[in-house]
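# Coordinate analysis (summary)
Spelled out, the chains give:
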Amino acid sequence: MAKQANRYLEVDPWKVIELGFHQERNQVSESIFSLANEFMGVRGYLEEGTDCSSLQGCYYNGIYEWGKENNPPYKGIVKRSHYLVNGLNWLATKIKIDGKVLDISKSEIQDFKRELDLKDGSLSRNFTLINEKGKVKFEFLRFLSMTNVHNSFQRIKISSDYQPNLEITLALDFNNKHWGEPGKWQIEKKDKLLIVGKTKTTGQYLSGAMKVETPDSLLFETFEEEKAIGLSFNFNLENEITIDRFVSIYVDKVGDKKDEIIFNTSKNLQEVDDFDKSLLENCNYWTDFWKHNDIEIEGDPENQQGIRFCIFQLQQTYHGFDPLNNIGAKGLTGEAYSGHAFWDTETFCLPYYLYTNLTVAKDLLLYRYHTLPQAKARALMLDCVGACYPIATLNGHEACALWQHASLQLQPSTGVAYGIYHYYQVSKDFKFLVDYGLEMLLEISKFLLSRGQWNQDKSYFGYYAVMGPDEFQMMVNHNAYTNFMARKTFLFTLEVLEKAKLSSNKSYLEVLQKTDFQKEIIEEIRTAAKMMYIPYDPKTELFEQHQGYFNLPHQEITSIPLADFPLYNNWSYDRIYRNDMIKQPDVLMFLFLYNQDFPLSVKKANYQFYEPRCIHESSLSPSIHSILANEIGKRKEALSFFGFATRLDLDDYNRNTNEGLHLTSIAAAWMNIVYGFGGLRSDGDILVMNPSIPSIWMKYSFKINYLGNNIKVTVTQNQVKIESNNSSPVAIKIWNKDIILVDQYILEM
Ligand code: BGC
């Protein structure tokens, strides 16, 4: 593993702290100090502005623009992409001290501290400015409400040892740039302290209103610019002052409720007036959240901080506020990946929700159900039938303009099928399976049947011209992952069809009608599954990543200099593809997903072969490696990958955190504890646990909710304790022993 940590933040169990302003890493810090509440997200930028490199990003889930329409010469290439657009900057602030603009990158400052508090979800930033007359101390605080997601808050506290003249403006500003270009927002309304913007191509509305609390004596003026409104103050500071800003924001994603959201924005603003009370409410939200979801690690402060940061960011980004939202690969923390959701959602994020909040997990799958029409349209564009789910999307339409990815990657479709399977394994929600799952499965299977092909003598079926999870192998035949996952999808579809038929559930017939079900498809699916080609050598127990992979030129990855990462910035595009170097787990990926289908020896053989060829250029990679390393007994390696996974952004391992957080690999870090060290497996009918503990840890614990039971697993060097709140007895297989967990089960190691 050639990648290395680039640490500059303090290690603390409940906080992320930057001491001293790291100007050259400002954009990295902005990503790390991001706040979100699913409805909106805001990067941790300096609200007063700075000339040093910065991305003042404020993103609103589901508020996007269409890109320019292209006319690609080939059928199937996306004509028009779409992207999450940088929206209303509700924190816009300008400060002049004795006539001079405050920009800490150009001023003498001391005691700079930026701090994200994982216990109350607030971000604070303090520093003291030194000028020829004396010192001026600034304390900024902001948070987004988790209980009323329309509310956001800013506090500015200023004190001084002399009486500086201060000019302060607080604005609601639609001038935020997107990828460095001026935004496209059209202003629809400005009314005192309320402003409404409209996206240009999608016609969506975003309305924001603010009020400010200051000492009574402070005079202010309102102002209006083309795309901003606000308040300004000009006064001589005596001792200290606190200014609290309350902002209320609503969006209309469809574009036909402008008046309604304006009304709601104002009404909501009237109801909020106590900064400290609102902060306390947030704190209570997070206290309750941690009570049920904390992961504790004793003896490893770096990973303790890392895993809490991951859980915090994931929960902030998505917690089931709106079933039409999904989880972007960068969440709401940056513009890279354009806010798009990928196959990451079902493959890497879903498990966290399956074990913390099943309703939310179901919402994620319903998102795919609601976007089935777009997936069906996409299949037709690719000269197939059924449903082809997009590799990257916000609104269900394929948004990836790189045709190799959009047309050749089938893992979003098999990923949705896997998500349905996994949800059912954990929830046993048969109603969902028949009402929604079956329709998706049938459409996905139709797509897979039409996209798959027979070899010339018709002795096997499989996928030609595909790209598996390893995006460094661009267009290959019989990628083992794709073929294996397609076979699993087929088999599961048949199983659900059979079960639904037997249940005489009334939606069953409706689904058959909706999907234009023809009996012959059963045989087609069965044959394709049976004849699916899976490149495997029983002698070596190795799966060949794709036909011909074993014969590719070898690239020694330890010889790649650190400065070459990320490779996509430093190597020519084609150079990456001409060897056996792997970007992320591919064979190892399906060995993880359907873990219980394979004996340990197969996992060992494939791990030992593929891990040394993998450069983990995808942030999704380390956790999966850690989980498998742990299973095959490579404990040290497992811990080292875990550190890479939990601190990927905190330590900027991939040198691209400036672009935004790796939200979906953050979810994989959660799996790393529960599936890795906890050894949980849920790809069977019964929950399996094989806990282990790294030798440097004294203790760790995690909590899951399973079949209505809150279960806590605590592991020390010599004991595993599993506690349940006992709403019903739970069958678990632990270290190959079947137990019925009632209230507590203790095993000595
Ligand atoms: C990975 C994909 C992933 C995407 C978004 C890419 O770098 O190769 O597997 O879906 O990032 O996280």
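Rules behind the numbers
Residues numbered from 1 in each chain as written. Predicted model: local features only at pLDDT ≥ 70, side-chain atom pairs only at ≥ 80, totals over all residues. Heavy atoms only, no water. Helix = DSSP H or I, 4+ residues; strand = E, 2+ residues; numbered from the N terminus. Rg over C-alpha atoms; globule rule 2.2 N^0.38 Å. Buried < 20%, exposed > 50% of the residue type's maximum accessible area, 1.4 Å probe, protein only. Contact = heavy atoms within 4.5 Å. Areas by Shrake-Rupley, 256 points an atom, 1.4 Å probe, with all protein chains shown as cover. Lys, Arg positive; Asp, Glu negative; His and termini not counted. Charge placed at Lys NZ, Arg CZ, Asp CG, Glu CD. Expected span 1.5 Å × (residues − 1). Polar contact = N/O pair within 3.5 Å; in protein donor to acceptor, adjacent residues only side chain to side chain. Near = heavy atom within 4 Å. 1 Å grid on protein atoms, 1.4 Å probe; cavity = no way out; pocket = protein on both sides within 12 Å on 5 of 7 lines; lining within 4 Å. Sits in = over half its atoms within 2 Å of the grid points. Pairing = 2+ DSSP bridges. Axes fitted to C-alpha atoms, helices over the stretch in contact; angles between N-to-C directions. Points joined across faces, edges and corners; volume = space filled by probe spheres on them. Nonpolar A, V, L, I, M, F, W, Y, C, P; charged D, E, K, R; others polar. Domains from an automatic or database assignment. Patch = residues over 30% accessible without salt bridge, like charges linked within 9 Å, V, L, I, M, F, W, Y side chains within 5 Å. Salt bridge = Lys/Arg side-chain N within 4 Å of Asp/Glu carboxyl O. Phe/Tyr/Trp six-rings, centres within 6.5 Å; stacked < 30°, edge-to-face > 60°. Buried area = accessible area lost by both parts, 1.4 Å probe.

Assigned secondary structure in the chain consists of 19 helices and 32 strands. Relative to the 2.2 N^0.38 estimate, which gives 27 Å for 749 residues, the radius of gyration of the chain is 27 Å and therefore close to what a compact globule would have. C-alpha atoms of the chain, sized along the principal axes, occupy 85 × 60 × 55 Å. Looking at the chain as a whole, 64% of its 749 residues are labelled buried. Sequence-distant contacts, at least 24 apart, represent 68% of the contacts inside the chain between residues at least 6 apart. By element, 49% of the accessible surface of the chain is carried by carbon and sulfur atoms, the whole surface being about 28,300 Å². Each charge sign in the chain was given a centre, from 78 positive and 94 negative side chains, and these centres are 4 Å apart.

This next bit is on helix α6 (residues 358–370). Between its first and last C-alpha atoms α6 spans 18 Å; for 13 residues at 1.5 Å apiece the expected length is 18 Å, and the two agree. Inspection of α6 places Val360, Ala361, Asp363, Leu364, Leu365, Leu366, Tyr367, Arg368 and Tyr369 among the buried residues, and these make up the whole buried set.

A word on the environment of Ser450. Looking at where Ser450 falls in the secondary structure, it is placed in helix α10 (residues 430–451). For the pair Ser450 and Ala379, spaced 71 residues apart in the sequence, the C-alpha separation amounts to 9.2 Å. Here Ser450 is in contact with Cys384 and Val385, once residues within four sequence places are set aside. A distance of 2.9 Å separates a polar side-chain atom of Ser450 from the backbone oxygen of Phe447.

Our next topic: the site of the ligand. Near the ligand, the surroundings consist of Ala329, Tyr337, Phe342, Trp343, Asp344, Glu471, Lys583, Gln584, Ser618, Leu620 and Thr664. Between an oxygen atom of the ligand and a side-chain N or O atom of Lys583, the distance comes to 2.8 Å. Gln584 has a polar side-chain atom sitting 2.5 Å from an oxygen atom of the ligand. Coverage of the ligand by the protein amounts to 93% of the 310 Å² it exposes when considered alone. Structurally, the ligand is housed in the largest pocket.

Now for the pairing of strand β20 (residues 240–252). Among the 13 residues in β20, 11 count as buried, and that is most of the element. Across nine bridges, the pairing between strand β11 (residues 151–160) and β20 is antiparallel. Note on β20: the bridge partner recorded for Arg155 is Asp244.

If you walk across this open sheet you meet the five strands as β7-β6-β12-β19-β18, and the pairing is antiparallel. Edge positions in the open sheet fall to β7 (100–101) and β18 (220–224), since each of these has one partner strand only. Judged from the two bridges that link them, strand β6 (residues 93–97) and β7 form a sheet pairing that is antiparallel. Within β7, the position partnered with Lys96 by the bridge is Val101.

A few words now on the sheet that holds strand β17 (residues 205–213). Strand pairing within a sheet occurs via backbone hydrogen bonds; the two strands may be parallel or antiparallel. Pairing is antiparallel in the open sheet, where nine strands are placed in the order β1-β8-β9-β10-β11-β20-β17-β16-β15. Each having just a single partner strand, β1 (15–19) and β15 (186–191) make up the two edges of the open sheet. Pairs of neighbouring strands in the sheet enclose a mean axial angle of 15°, with direction left out of account. Where strand β9 (residues 122–130) and strand β10 (residues 135–144) come together, nine bridges link them in antiparallel fashion. Bridge pairing in β10 places Ser122 opposite Phe143. With respect to the sheet, helix α2 (residues 258–270) is in contact with β11, β15, β16 (194–198), β17 and β20, its orientation differing from that of β20 by roughly 150°. Sheet strands touched by helix α3 (residues 275–293): β9, β10, β11 and β20. Its angle to β10, the strand with the most contacts, is close to 55°.

In this model, the largest pocket occupies a volume close to 1,200 Å³. Along the walls of the largest pocket sit 47 residues, with Ala336, Tyr337, Phe342, Leu402 and Glu471 positioned nearest its centre. Residue assignment for the lining of the largest pocket shows that the elements contributing at least two residues are β5 (82–86), β14 (181–182) and α14 (567–570). The greatest single-element share of the lining of the largest pocket, amounting to three residues, is contributed by β5. Residue composition of the lining of the largest pocket, by class: 22 nonpolar, 16 polar and nine charged. Built from parts of two domains, the lining of the largest pocket gets at least three residues from each of domain 1 (33–66 + 82–280) and domain 2 (295–684). In this model, the second largest pocket occupies a volume close to 760 Å³.

Side chains of Glu213, Asp273, Asp274 and Glu281 sit close together on the surface and give a patch of like negative charge. In this structure, Asp273 sits in the loop between α2 and α3. For Asp273, a relative accessible area of 47% puts it in the partly exposed group.

Our focus in this paragraph is the packing of aromatic side chains. If you walk through the whole model with that rule in mind, you get 60 aromatic pairs. Aromatic pair Trp286 and Phe289: ring centres 5.3 Å apart, planes at 85°, arrangement edge-to-face. Taken together, the residues span about one helical turn, with Trp286 and Phe289 both in helix α3 at a distance of three residues. Residue Trp286 shares its accessibility class with Phe289, and that shared class is buried.

Attention now moves to empty space enclosed by the protein. Per the counting criterion, the structure on display carries five cavities of 30 Å³ or more. Along the walls of the largest cavity sit 13 residues, with Tyr418, His422, Phe592, Leu593 and Tyr675 positioned nearest its centre. Elements with a minimum of two residues in the lining of the largest cavity: α5 (344–354), α9 (411–427), α15 (587–593) and α19 (663–677). Tallied by class, the residues present in the lining of the largest cavity amount to seven nonpolar, four polar and two charged.

Our focus in this paragraph is the domain arrangement of the chain. Taken domain by domain, the chain holds domain 1 (33–66 + 82–280), domain 2 (295–684) and domain 3 (685–749). Put simply, the middle of domain 1 and the middle of domain 2, counted by C-alpha atoms, are 38 Å apart. The interface is formed by 30 residues belonging to domain 1 together with 31 residues belonging to domain 2. Summing the contributions of domain 1 and of domain 2, the shared interface buries around 2,500 Å²; its carbon and sulfur component is 58%. Broken down residue by residue, the surface that domain 1 buries against domain 2 is led by Glu38, His82 and Leu118, which jointly contribute 30%. The interface formed by domain 1 and domain 2 holds one salt bridge in total. Here Lys253 ties to Asp322 by a salt bridge, and the two come within 3.0 Å at their closest N and O atoms.

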